[in-house]
Amino acid sequence: MDYKSIFKLVSLIGITLGIFFLSDILIGVIYKESFNTFMIFDFIFIFINLIILITLRNHTITLKIRESILTVNILWILLGVAGAIPLLLYTHVSFASAFFEAISGFTTTGATIYQDIESLPHMILFHRSLMHWLGGMGVIVLGIGLLSVINPTGSLSLFKAESTGIQMEKLTPKIKDTALSLWVVYILFTLADTLLLKFFGMNWFDAINHAFSTISTGGFSTKNSSLGSFNNDGIIWTTTFFMILSGINFLAHLKFFYKDNSGYKSEEVQWYLLMFFILGATLTIVHTKIWGDTIYDASKHAFFTIASVMTTTGFATVDYGKWSQFAIAIIFIAMLIGGNAGSTAGGIKVVRHVIIFKTLFAEFKRILHPNALISIYIDKQNLKERVLSTTFGFFFLFTMTVVFLSIYIYARGFDTMTSISGAIAIVGNIGPGFSHVGPAENFSFFSDIDKLVFSFGMIVGRLECFTVFILFSKAFWKKF
């Protein structure tokens, strides 16, 4: 194991993170808040990483797949620690609570331990949103842009270890160019969302924070009642649109910027949009009949809620946990779907559902026609056996993680709905669930041990199971 390469890469990303944290200090300056402690921490953080980088300056980074996987896991732990320290310094919470909040931020889960968000300093509110925004596209992808200057082969293996999805697709000849191009698209979406939110009535601070949380599909808000605090149709529909947009594979957006709209014609995108409209329309009808709202008001909240849950953003305009059981069942289905592979959304991902159902129907055909040669196609491409096994392997690991976490929460004395929905919300990086962890609640009442367990669950979900659980296999640590 090349530990020097791991430390050098982590220090590179650490310095980059420290530079981004300077924007938190700028917010403190603008709003005349006490930023000295934050500034001292950030300078120490940058200095430590700089010392490591200088010490290893003559070492060439060469990452094989094992080093890449270990780097990603170490990095997410360190991100949690780095993101937690400002929260510890300014909000008087325990380390476990601060670590939970930071991991929830970087993994774009959006679950929070704060009961009164509006009482937090502007600097900390922005810090929470910034963690979302950096984690959304992946701090590692930003690191690839730095790493590939040193070693393109190593950056490719790291990209495979961190990126979500079934197969990695590289649009440009160099992985560095792909990573940086994705960031350009990401920034443009953020700017567009910010400007529209400002146009519809948000102040600049709220607009920037909510754009960060929307494009990253994170869900942290600057208000206790989330988007419901604004009670503005333009803000709600704008956020709905950008949540859905962010739940689409960003490679499709990147293709579009190269004047190629084929990415939007993929089966995954088509099924994703179809499921969104079906679930949104169904929830609208149910909500209209039970609550008596107009079609417009019902559709506004219904489509927003489905977009928020399906893309694992976690925003709320109303407390949908108080809706009918039928409505909750529809929202529960959306929780299990997720966004597109290659998007900032979490969850199981639509393409995996498509593959699983196509495989099941293929098995039905094989039972009826034992001698037939039946292949499974996605976008007219024959799927290899390894893709199928990986998909079912992920589904099994995801399900078992949710099951074990549900049992853990239930054993801690909570009701069934809290246990199941909470586990799905944590591992699926959704944020709110139902009952005690509903959209109007938070995670502050859990113990410190619970929060550390949940933090692990969020990392497992963000890294899509394999990258974490492979560390527990003897083969990973065995020298070949």
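As shown above, the structure is provided for reference.
Residues numbered from 1 in each chain as written. Predicted model: local features only at pLDDT ≥ 70, side-chain atom pairs only at ≥ 80, totals over all residues. Heavy atoms only, no water.

A. A look at the pattern of salt bridges. Per the stated rule, a full pass over the model turns up nine salt bridges. Its salt-bridge partner being Asp206, residue Lys223 comes within 3.9 Å of it at the nearest N-O pair. Here Lys223 is found in the loop between helix 9 (204-215) and helix 10 (233-246), whereas its partner Asp206 is found in helix 9, with 17 residues between them in sequence. Relative accessible area serves as the criterion here: at 6%, Asp206 is assigned to the buried category. Of the charged contacts in the structure, one is a salt bridge between Lys300 and Asp297, with a shortest N-O distance of 3.7 Å. Residue Lys300 and its partner Asp297 are located together in helix 13 (residues 295-310), separated by three residues, close to a single helical turn. Judged by relative accessible area, Lys300 falls into the buried class, the value being 5%. (Salt bridge = Lys/Arg side-chain N within 4 Å of Asp/Glu carboxyl O. Helix = DSSP H or I, 4+ residues; strand = E, 2+ residues; numbered from the N terminus. Buried < 20%, exposed > 50% of the residue type's maximum accessible area, 1.4 Å probe, protein only.)

B. Structural view of the packing of helix 12 (residues 267-291) against helix 15 (residues 350-368). Orientation of helix 12 relative to helix 15, taken along the N-to-C sense of each, is 100°, at an axis distance of 9 Å. Relative to helix 15, helix 12 is oriented roughly perpendicular. Residues Glu267, Glu268, Trp271 and Tyr272 of helix 12 form the contact with helix 15, whose participating residues are Val350, Val351, Val354 and Lys358. Tallied by class, residues from the contact of helix 12 with helix 15 come to five nonpolar, no polar and three charged. (Axes fitted to C-alpha atoms, helices over the stretch in contact; angles between N-to-C directions. Parallel < 35°, antiparallel > 145°, perpendicular 65-115°, else oblique. Contact = heavy atoms within 4.5 Å. Nonpolar A, V, L, I, M, F, W, Y, C, P; charged D, E, K, R; others polar.)

C. Inspection of the environment of Lys32 at higher detail. Of note, Lys32 is situated in the loop between helix 1 (3-30) and helix 2 (36-55). Classification of Lys32 as exposed rests on a relative accessible area of 77%. Taking the C-alpha atoms as reference points, Lys32 and Ser473, separated by 441 residues in sequence, lie 51 Å from one another.

D. Geometry of the environment of Leu254. The residue Leu254 is located in helix 11 (residues 250-257) in this model. Taking relative accessible area as the criterion, Leu254 reaches 3% and is therefore assigned buried. For the pair Leu254 and Leu182, spaced 72 residues apart in the sequence, the C-alpha separation amounts to 6.5 Å.

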